[in-house]
Every structure is written in C-alpha cells, then in structure tokens.
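The chain contents come next:
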Amino acid sequence: MKERILELTNKYFDEMVAYRRDIHQHPEVAYQEERTMGVIAKALTEMGIEHKTGVGGYGVVGLIHGGKGEGKCIGIRADIDALAVNEATDLPFSSVNEGVMHACGHDMHTAGLLGVARVLNDMKDEFKGTVKLIFQPAEEKSPTGGAPYMIEDGVLENPKVDAIIALHVWPGIETGAAAVRFGPMMASSDRVNIKIKGRSCHASQPQDGVDAIVLAGQVISALQTVVSRNVPPLESAVLTFGVIRGGKIYNVVSDEVILEGTMRNLNFAVRDMMPKRIEAIVKGVTEGMGGSYEFDFSPGYPPVVNDPAVTEHVYAAMQDVMGDKAVIAPHSALGGEDFAFFGEKVPISYFWLGVDSPHIKSAPIHNAGFNPDEQALSYGCQTLCNAALRFLNE
Ligand code: NI
C-alpha cells in the first residue's frame, strides 16, 4: 500500500505545489474564503469527485466511495483560511491581497488535502467505506471558529463520520519528520473578561471612594494563585491578562478597570474548575474592599484530545512514511485549534508535520516571514492517505 501511495503522491506532487502557490498568492481571511472555495470545487470537479460547496460558510465537502463495498467513513480535514498579516517573504507567489497572508500554513493543508483527494480517488478500488474530504473555513476566527458551522450544516452525517484526522504544519520540526500524541495535543482557548467597579472621588480623599485600580492590583495578584494553588501541579494551565484598562485623570480615584485575558487548558476538568475559582476570587477581593464586579467567561475552542485508537493508525502511518523521524511529541502545545469541536462529536487524531528544511529557514507560524518547505506536502499527503486506508480497511 505505501509504495502505491508514494508513487501516486509523486505523480501529483507538482500539482499540489501549484495549488499551494495559487492559494498562497490569493489568501482570504475567515468568513471570506469564497475564491478559495472555488479553487477547491474546481479541482474536485476536474478529479470527478462528488462534492458540496457552501457547507458552514465557504466550506467544501467531498466524498470518495471505496470500491470494496460498505464500511466506515473517515473524515480528513484541512482548514482553508488565512490571517490578517502583511506578508514579508519575498516569495515570487507572495500574497496579492494587501494585509492578508497564509501565515499559518492553511494553504499547505488545503493543497495537501487536494493531493490526498487525487491519490485516494485513484486508489478507491483498494478500500471499503468512504473518505470524506472536509475543507473547513474560519479556523482562525476564535472564539467561534468554522467547525461548529460545518457540524450544524451536517458535515458529520450522510454518511455518518466515524473518525476525523488532520495535520498542522509545524516549524521547529524538520521536513520528513512529524510528531503526534496519544491524548491532549492542543489546548482550549477561552476568554475571561472582568470589569472591576469602584467609586470615584478626589485623589486626595480616598476614604470617600473605592479605588478600582487598587482593587485591580489585588485581583491580578490573587488570580495568580488559581494556576499555582488550585490547578494540580502535573496539569498545564495558563491565565494571562493581555489587557488592563482603567482610570481617566491622574488626580481622580478610578471607578472602573477592565481586565481581558485568555485561559488555556489541556484537561476538561481543570477547564471547568478554573472559571469558578477566578470568579470566586474576583468576588471575594472586590466585595471585601467595597467594590463590585462583572465577570464574563466566553468558552472558545475546547482542547484537542487525540483518540488513542485512531491515533494508533495515524502513528503507524507516520512511521510507514517517515520511519524513526515519526515520534511521540514530548509535550502538548497550548495554542488553540478549532478542530477540537469535531472532537466533541467523533474520535479525532491530529498531528504536527515538520516543515523546516535545511535550505529554507522557516519563521514561526503567524509570523509575516513564515515560509514552510513545500517538500512537506508529500509527507503530509502520504501520511493522511496511509492512515485513512488503515482505518477503513482494519
Ligand atoms: Ni493554523
């Protein structure tokens, strides 16, 4: 099987690169991926693959039915949206859309999945069941994302999806290598907004008011204990406030301070506990000092937790394609990824694909200089095909 996948991946490699460059040159941010959807639909039409456009926005869903009869259905997902970043790579196929760039490699994911479509369509007589190609918009649009809209639009039905796999290009790992984990892979990403309310008065007569800035100082310090004292030491958690805003004039006691932050977790129980502790501390500190508060917790992306059984297939596929360069990642990442919404409904598995070549030094993702090695398209395509066939034919 792996020889045939390699042969076909080689056959379609230049086409994958051409798709990648075209999509890279014409990036579109979340909820605006109309042209990208058109490119995908045209490609699938040329391949003779049945598909539906406009799923959950500008999403596309393609189906490849195996020639060996009824069986399971595996989804393979690629996100397709770009970022509001001004490209600084000097590539000949740099973005023509000012202020928009494929700085997270979703162009690689999309082109790679078109390669997968080619290869598995040519190999359809060699599997039973169905491959569902899921081209998902709006991954970057936290906290909503794009996956929930595709789910609402029925992407997991007709036929019912039994598992979904995906990859993300990963600077810091060399081309021809990849990493996966059994269990948590990416973190939840939730928003925490706090409004601390005091009462203003003349700066020289603090006894007449309630100083919201002093309250905020106490709240920020006290909230450090949520991670250090309430989260079990062997679990990961982040509580970062990136915004603090309050006060109007230097000689008036401030009546209001806004704190805006993000909370990250790998564990559902810790994610459930933290907002309760945060609010209890905010309430205790503000009310104890004569103020009041408003607390707004907005759940965003859940953690990406890899299903062990599906990940067995993905890991075996990675090893088939990349040998001992396919590894278990030593730790999870605390970035968010809306692929997690699929994981709330069906077993998922997600891995990191290396894109650092010795010749092309890649900047980090979301950086204006991000420039993944296109050779990685081959390893990604082969691994996804291999894992899908293992899952369907097991
Ligand atoms: Ni991304």
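Residues numbered from 1 in each chain as written. Predicted model: local features only at pLDDT ≥ 70, side-chain atom pairs only at ≥ 80, totals over all residues. Heavy atoms only, no water.

## What about the overall build of the protein chain?
1) Next: A tally of regular secondary structure across the protein chain gives nine helices and 14 strands.
2) Next: Its C-alpha atoms give the protein chain a radius of gyration of 24 Å, within 12% of the compact-globule value 21 Å for 394 residues.
3) Next: Structurally, the protein chain occupies a C-alpha span of about 80 × 40 × 40 Å along its principal axes.
4) Next: Buried residues in the protein chain amount to 54% of all 394 residues.
5) Next: Within the protein chain, counting contacts between residues at least 6 apart in sequence, those at least 24 apart form 80% of the total.
6) Next: As displayed, the protein chain has an accessible area near 16400 Å², and 50% of this comes from carbon and sulfur atoms.
7) Next: Within the protein chain, the 50 negative side-chain charges are centred at a point lying 3 Å from the centre of the 34 positive side-chain charges. (Helix = DSSP H or I, 4+ residues; strand = E, 2+ residues; numbered from the N terminus. Rg over C-alpha atoms; globule rule 2.2 N^0.38 Å. Buried < 20%, exposed > 50% of the residue type's maximum accessible area, 1.4 Å probe, protein only. Contact = heavy atoms within 4.5 Å. Areas by Shrake-Rupley, 256 points an atom, 1.4 Å probe, with all protein chains shown as cover. Lys, Arg positive; Asp, Glu negative; His and termini not counted. Charge placed at Lys NZ, Arg CZ, Asp CG, Glu CD.)

## A short note on the packing of helix α5 (residues 212-230) against helix α6 (residues 268-288)
1) Next: Interhelical geometry of α5 versus α6 gives an angle of 145 degrees and a closest axis separation of 9 Å. Between α5 and α6 lies a crossing whose hand is right-handed. Note on element contacts: α6 touches α5 through Met 273, Met 274, Arg 277, Ile 278, Ile 281, Val 282, Val 285 and Thr 286, opposite Leu 215, Gln 218, Val 219, Ala 222, Leu 223, Thr 225, Val 226, Val 227 and Asn 230.
2) Next: Of the residues assigned to the contact of α5 with α6, the class counts are 12 nonpolar, four polar and one charged. (Axes fitted to C-alpha atoms, helices over the stretch in contact; angles between N-to-C directions. Left-handed = near helix turned anticlockwise from the far one by under 90°. Nonpolar A, V, L, I, M, F, W, Y, C, P; charged D, E, K, R; others polar.)

## Some points on the coordination of the nickel ion
1) Next: The coordination sphere of the nickel ion, as far as protein atoms go, consists of Cys 104 (SG), His 106 (NE2) and His 168 (NE2), spread over 2.1 to 2.2 Å.
2) Next: Each donor residue of the nickel ion belongs to the same chain, with the gaps between them written as C-x1-H-x61-H. Of this pair, Cys 104 sits in the loop between β3 (73-79) and α3 (106-122) while His 168 sits in strand β5 (residues 163-174); the two residues are 64 residues apart in sequence, bridging distant segments of the chain.
3) Next: By relative accessible area, which is 5% here, Cys 104 ends up buried. (Donors = N, O, S within 2.8 Å, 3.2 Å for Na, K, Ca; no water.)

## Here we look at the sheet that holds strand β9 (residues 237-246)
1) Next: Taken in spatial order, the four strands make up an open sheet running β9-β10-β8-β11, and their pairing is antiparallel. Whereas interior strands pair on both sides, the edge strands pair on one side only; in this sheet they are β9 and β11 (292-301). With direction set aside, neighbouring strand axes in the sheet form an average angle of 15 degrees.
2) Next: Note that β9 and strand β10 (residues 256-265) share nine bridges and pair antiparallel. Counted as the bridge partner of Val 243 is Glu 260 from β10.
3) Next: This element, α6, spans β8 (188-197), β9, β10 and β11 of the sheet and lies at about 165 degrees to β11. (Pairing = 2+ DSSP bridges.)

## Considerations on helix α1 (residues 2-25)
1) Next: Taking 1.5 Å of rise per residue, 24 residues should cover 34 Å, and α1 covers 32 Å from first to last C-alpha, within 8% of that figure.
2) Next: In this fold, the buried residues of α1 make contact with α2 (34-47), α3 and α9 (376-393). (Expected span 1.5 Å × (residues − 1).)

## Observations regarding the nonpolar core
As a rule of thumb, soluble globular proteins bury nonpolar side chains together.
1) Next: Leu 44 and Leu 133 are the most contacted members of the largest nonpolar core, which has 67 residues in total.
2) Next: Looking at which element gives the most residues to this core, the answer is α9, with 10 residues.
3) Next: Residues within four places of Leu 133 in sequence aside, it is in contact with Leu 44, Ile 49, Val 60, Val 61, Gly 62, Ile 64, Ile 76, Leu 113, Val 116 and Ala 117.
4) Next: Counting residues in each nonpolar core, the second largest holds 30 residues, with Ile 134, Ala 147, Met 186 and Ile 348 among its members. (Core = buried A, V, L, I, M, F, W, Y, C linked by side-chain atoms within 4.5 Å.)

## Focus on the environment of Arg 264
1) Next: The residue Arg 264 is located in strand β10 in this model.
2) Next: Residues Arg 264 and Pro 303, spaced 39 residues apart in sequence, show a C-alpha to C-alpha distance of 8.5 Å.
3) Next: Not counting chain neighbours up to four residues away, the residues in contact with Arg 264 comprise Ala 187, Ser 188, Ser 189, Ser 236, Ala 237, Val 238, Leu 334, Gly 335 and Gly 336.
4) Next: Engagement of the side chain of Arg 264 in a polar contact is seen with the backbone oxygen of Leu 334, the distance being 3.0 Å. (Polar contact = N/O pair within 3.5 Å; in protein donor to acceptor, adjacent residues only side chain to side chain.)

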